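# Breakdown of the fold
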Protein chains: 2
Amino acid sequence: MGSALTVPLVDRGHEVRLWGTKYDVKILDVIAKGGLHPRIGVKIPDLVKIYYPEDLKKALKDIDVVILGVSSAGVASVSEQIKDIIDRKTPIVIVAKGLEEVGGEILTMTQIVERIIEGGDRIIYISGPSIAKELAHRYATMVVYNSKNLKLVENIKKEFETTYYKISINDDVIGAELCASLKNIYAIAIGWFDGFAKKRNGLEMNNAKSAFFAQAIKEMAYIVEQMGGKRETVYGLSGIGDLLVTTRGGRNGMFGMFIGMGFPVDKALKEMEERGVGVVEGYVTAEMMYKFINGKVDKSRLPLFYSAYEVLFKGLQVLDAVEKVLNTLSKLSTF
Amino acid sequence: MGSALTVPLVDRGHEVRLWGTKYDVKILDVIAKGGLHPRIGVKIPDLVKIYYPEDLKKALKDIDVVILGVSSAGVASVSEQIKDIIDRKTPIVIVAKGLEEVGGEILTMTQIVERIIEGGDRIIYISGPSIAKELAHRYATMVVYNSKNLKLVENIKKEFETTYYKISINDDVIGAELCASLKNIYAIAIGWFDGFAKKRNGLEMNNAKSAFFAQAIKEMAYIVEQMGGKRETVYGLSGIGDLLVTTRGGRNGMFGMFIGMGFPVDKALKEMEERGVGVVEGYVTAEMMYKFINGKVDKSRLPLFYSAYEVLFKGLQVLDAVEKVLNTLSKLSTF
């Protein structure tokens, strides 16, 4: 996504520098030679300057904005590396998603950055339905820039928007971050039905998928509210929009499909590995989310979340999980 | 959907009678001979008794509940036919969707029935994501039964639910009815992006589709609230759930796709006709919805609805419509 963002930024006439960690060197080589970016399938604009891991200081010299697009696991270490280089007021736009355990505590991406680099009011968190490949192809994309500092984010919006990249602003950072993590977990459960359908080689189960999708949004709204965010955040691009794009293809849904087909969790993870599709974010996040919200939510209001959790980590059979969700909701009368 | 509902009802041990209008005679013949129902692909349970158009009185003798599953255009005439036959307290469950012009006035399905048959507190309106074929195959389906009479609907729920058919109850009848009509209109606009993608033979536009989906829910919530319903209805099975199932295949999305491919509206309608896929509900409903909400909403809050309307009836080019929606939202700052 960091690479994809260079496209609208160059289109807006900004000077863009693309720095990579040691894990990105191969990709940087391809970009430097003018080849297609292997993940997003486009040529990165020629005007983008490439910086290798050792050139971090050069890359950050006199910059106006930092965009942090490393993986969630890299956010703490890169924050440590840049904290003494960048100006104390330089805005930091965070693209990384998920939760990470830092010193025994589960933290969101902005919480990690805030703890390492001072100045929470310069942090902006991007959320919403945004497949990097589509953005890089200049396909219409609408996202949310979330910040406690609405004035800052208004200014960034003015500098970053293009005809195809539109930015909504919101001050509910925690709500947006929770949506970005939760959607991966719920996408797994929605994917189960594709597995059932595939196994019996029959009709798609659109009724059930759509019902679980609606239930996911209901549960996300409840979790976000309990954790100090706003329900409205879930009912917009960050929640509904991003959950939808995530369920339309993607690793979490595919992993859910394998589980729906009857694969035990470890076998489903292995299938994913063999296909080389990388980490299943929802699987990793589910365990951390479980701890993150523990004691702060009424579990009876989250039948889908806890059933999905039990399938992933407690050996609950997926058909039993679906039955459990249906029966729990049915007893609620209104769901 | 009327035929599909016989499956859970027979499974619950109820005596079910299936009556058809003159338009249904061919289907009744197939069912009577034990063949597969041509629309939903299953054999209707043997225990269901078939009644031909002329046998309406016999079909309604000593019944406990009427389920009204005719097309929206037939609701008024069938209501007239049954009003003096059924008991004054017999509950009426309405499956029909949409708006109809009756005596120069635009009315919802329950409004039509209420005007013809007295006793609004015995009316139940079904909403939510429910493809008839999937329900008839006993695939998990979760719906909403809406009624001003919550006690009645609680009782019906107890009698109708099965392991695979779950019923949520809600007292927001107008909200549910508006969702059922609006979703068809928004599904057309979401389908545009499939047309763009098809035309250039390129990537799917999932970012844009998901953003428009989120915007559709936002606009539906606003319309429902302005018309006296509840936003929460839109954020559940009736709104999010049903819009999702509608965008996943279906006539409205296909019609939207043809428009996205560049077909003028009349040509797109002709394409649909040639494929024999029947009426495009969203097209028919859009014009009535326009009148229904006119003067009761702030148009600036509904850029997607009015852009879709202008594409369908005012000759607005679809690419200009998308640009208009993006730019209008962008100016709002928060969307």
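Before reading further, recall that the structure is shown in the block above.
Figured I'd write up the structure that's included with this text. (Residues numbered from 1 in each chain as written. Chains lettered and ligands numbered in written order. Predicted model: local features only at pLDDT ≥ 70, side-chain atom pairs only at ≥ 80, totals over all residues. Heavy atoms only, no water.)

### A short note on the sheet that holds strand β3 (residues 66–68) of chain B
Residues and elements named next belong to chain B. Ordered in space as β3-β4-β7-β8-β9, the five strands form an open sheet in which the pairing is mixed. Where the open sheet ends on each side, the last strands, each with one partner, are β3 and β9 (165–170). The mean inter-strand angle of the sheet, taken between neighbouring strand axes irrespective of direction, is 25 degrees. As defined by bridge partners, strand β4 (residues 92–94) adjoins strand β7 (residues 123–127) across three bridges and the pair is classed as parallel. Looking at the pairing, V93 lines up with I124 of β7. (Pairing = 2+ DSSP bridges. Helix = DSSP H or I, 4+ residues; strand = E, 2+ residues; numbered from the N terminus. Axes fitted to C-alpha atoms, helices over the stretch in contact; angles between N-to-C directions.)

### Remarks on the environment of I156(A)
Residues and elements named next belong to chain A. Take I156: it is sitting in helix α7 (residues 150–160). Distance in space between the C-alpha atoms of I156 and I169 is 10.0 Å, their sequence separation being 13 residues. Other than its neighbours up to four places away in sequence, I156 contacts V65, P91, I124 and Y145. (Contact = heavy atoms within 4.5 Å.)

### A short note on the relation of the copies chain B and chain A
Rotating chain B by 180 degrees about the axis while translating it 0.0 Å along that axis superimposes it on chain A, leaving an RMSD of 0.0 Å. On the angle and the small slide along the axis, the relation comes out as a two-fold axis. Relative to the rotation axis, the C-alpha of Y235(B) is the closest in chain B, positioned 3.6 Å from it. Most of the interface of chain B is mirrored in chain A, where 100% of its interface residues are also at the interface. (Least-squares fit on C-alpha atoms with pLDDT ≥ 70 in both.)

### Some thoughts on the packing of aromatic side chains
Residues and elements named next belong to chain A. This model, assessed by the stated rule, comprises 26 aromatic pairs over all chains. Between Y145 and F160 the ring centres are 6.0 Å apart and the planes differ by 90 degrees, which places this aromatic pair in the edge-to-face class. Of this pair, Y145 sits in strand β8 (residues 141–146) while F160 sits in helix α7, placing them 15 residues apart in sequence. Overall, Y145 belongs to the buried group, its relative accessible area being 0%. Overall, F160 belongs to the buried group, its relative accessible area being 6%. In textbook terms, an aromatic cluster arises when at least three aromatic residues are bridged by ring pairs, as seen for Y186, F255, Y283, Y290, F305, Y306, Y309 and F313. Above the plane of the ring of Y125 lies K97, whose end atom (NZ or CZ) is 4.9 Å from the centre. (Phe/Tyr/Trp six-rings, centres within 6.5 Å; stacked < 30°, edge-to-face > 60°. Buried < 20%, exposed > 50% of the residue type's maximum accessible area, 1.4 Å probe, protein only. Lys NZ or Arg CZ within 6 Å of the ring centre and 35° of its normal.)

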